[in-house]
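Listed below are the residues making up each chain.
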Amino acid sequence: MGPFDPYPYGCPLGVLAPPSEMPQFVRDLCVRLRDVFDATIHVVKPRGGASYPVLSLYRPDHAVVPALVLFPAWEVDARDPSRRIGFGRMVTLLRRIAEAGDRGEEIDRREQTGDATPLLVPLAVTAAEMAAVEVDLRGRLPSGASLESIEGGGLRVLRLRGPDDRVRLVLHPGWRGNVEADEDLVSGTWVLSRLKARG
């Protein structure tokens, strides 16, 4: 990124998941991206919430600042708006981590075996926010990785491919509307059915 990087501590992405689901998600994601990004983990222990991992993904050619940092959407195992880990809270935490000079715990990619199935990644964003997510991702992928945008059913879905052109991740908005409402949650089954129909 250039001198006007809007994310000097890494671009934060919320995953539509509570803390209890994050460890498995982190493992699954690292397996799919083992030859795309280097990865480190911080474990966050919020006051009154559950501990959860924060995954930092580094481009191999730029390992000082993470390209992307993934968080759970909430710091408790419930969709509680008051415990939502929103963009501002993510950025504040990333700034504190950077100021402490704490890169996190390294993840050894050699111990991971690849998985041929793409990982479905519901992001903690609304359908209207996916265009901005696409812009952020395109500017932060390492060489050899690519992003494909698919429109359908009023939603934008992104497929991230690795150096071998295999789809590694399928990213989609967590909410269909323009607000974070439970009745507007996007089903992963629906996303997969739309992709299958496209071939």
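Analysis parameters
- Residues numbered from 1 in each chain as written.
- Predicted model: local features only at pLDDT ≥ 70, side-chain atom pairs only at ≥ 80, totals over all residues.
- Heavy atoms only, no water.
- 1 Å grid on protein atoms, 1.4 Å probe; cavity = no way out; pocket = protein on both sides within 12 Å on 5 of 7 lines; lining within 4 Å.
- Points joined across faces, edges and corners; volume = space filled by probe spheres on them.
- Helix = DSSP H or I, 4+ residues; strand = E, 2+ residues; numbered from the N terminus.
- Nonpolar A, V, L, I, M, F, W, Y, C, P; charged D, E, K, R; others polar.
- Pairing = 2+ DSSP bridges.
- Core = buried A, V, L, I, M, F, W, Y, C linked by side-chain atoms within 4.5 Å.
- Buried < 20%, exposed > 50% of the residue type's maximum accessible area, 1.4 Å probe, protein only.
- Contact = heavy atoms within 4.5 Å.
- Expected span 1.5 Å × (residues − 1).
- Arc of directions from axis to C-beta.
- Polar contact = N/O pair within 3.5 Å; in protein donor to acceptor, adjacent residues only side chain to side chain.
- Salt bridge = Lys/Arg side-chain N within 4 Å of Asp/Glu carboxyl O.

Attention shifts here to empty space enclosed by the protein. If you walk through the whole model with that rule in mind, you get two cavities of 30 Å³ or more. Size it by volume and the largest cavity reaches roughly 60 Å³. Considering the residues around the largest cavity, the lining is formed by L13, L29, L33, F37, L57, L68, L70, L137, L160, L169 and L171. Going through the elements one at a time, β4 (68-72) and β9 (167-175) are the ones with two or more residues in the lining of the largest cavity. Of the residues contributing to the lining of the largest cavity, the split by class is eleven nonpolar, no polar and no charged.

What follows covers the pairing of strand β7 (residues 146-152). As paired strands, β7 and strand β8 (residues 155-161) are joined by seven bridges and run antiparallel to one another. Residue pairing for β8: E148 is matched across the bridge by R159. Connecting β7 to the next strand, β8, in antiparallel fashion are two residues, including G153 with a positive phi near 60 degrees.

In this structure, L29, L55, L57, L68 and L70 are the most contacted members of the largest nonpolar core, which totals 34 residues. If we skip the residues at most four places from it in the chain, L68 touches C11, L13, F37, L55, S56, L57, L137 and R140. Core analysis: the second largest hydrophobic core is formed by ten residues, V54, V69, L94 and I97 among them.

All right, on to helix α2 (residues 87-100) then. With 14 residues, α2 should reach 20 Å at 1.5 Å per residue; the first-to-last C-alpha distance of 20 Å fits that figure. By the burial criterion, the buried members of α2 are M90, L93, L94 and I97. Projected down its long axis, α2 carries its buried residues within an arc of 100 degrees, all on one side. Counted as exposed and oriented over 90 degrees from the buried face of α2: R96 and E99. Looking at the buried side of α2, the elements it contacts are β1 (11-15), β2 (38-44), β3 (52-58) and β4. A positive phi of about 70 degrees marks G101, the residue just after α2.

Here we come to the side chain of H42. One can find H42 in strand β2. There is a polar contact of 2.9 Å between the side chain of H42 and the backbone oxygen of D102. A distance of 3.3 Å separates a polar atom in the side chain of H42 from the backbone nitrogen of G104.

Time to look at the pattern of salt bridges. Overall, the coordinates contain 15 salt bridges when judged by the stated rule. Among the ionic pairs, R79 bridges to D182, the shortest N-O distance being 3.0 Å. Linking R79 in the loop between β4 and α2 with D182 in the loop between β9 and α4 (188-198), this pair joins segments that are 103 residues apart in sequence. On the accessibility criterion, D182 (46% relative accessible area) is partly exposed.

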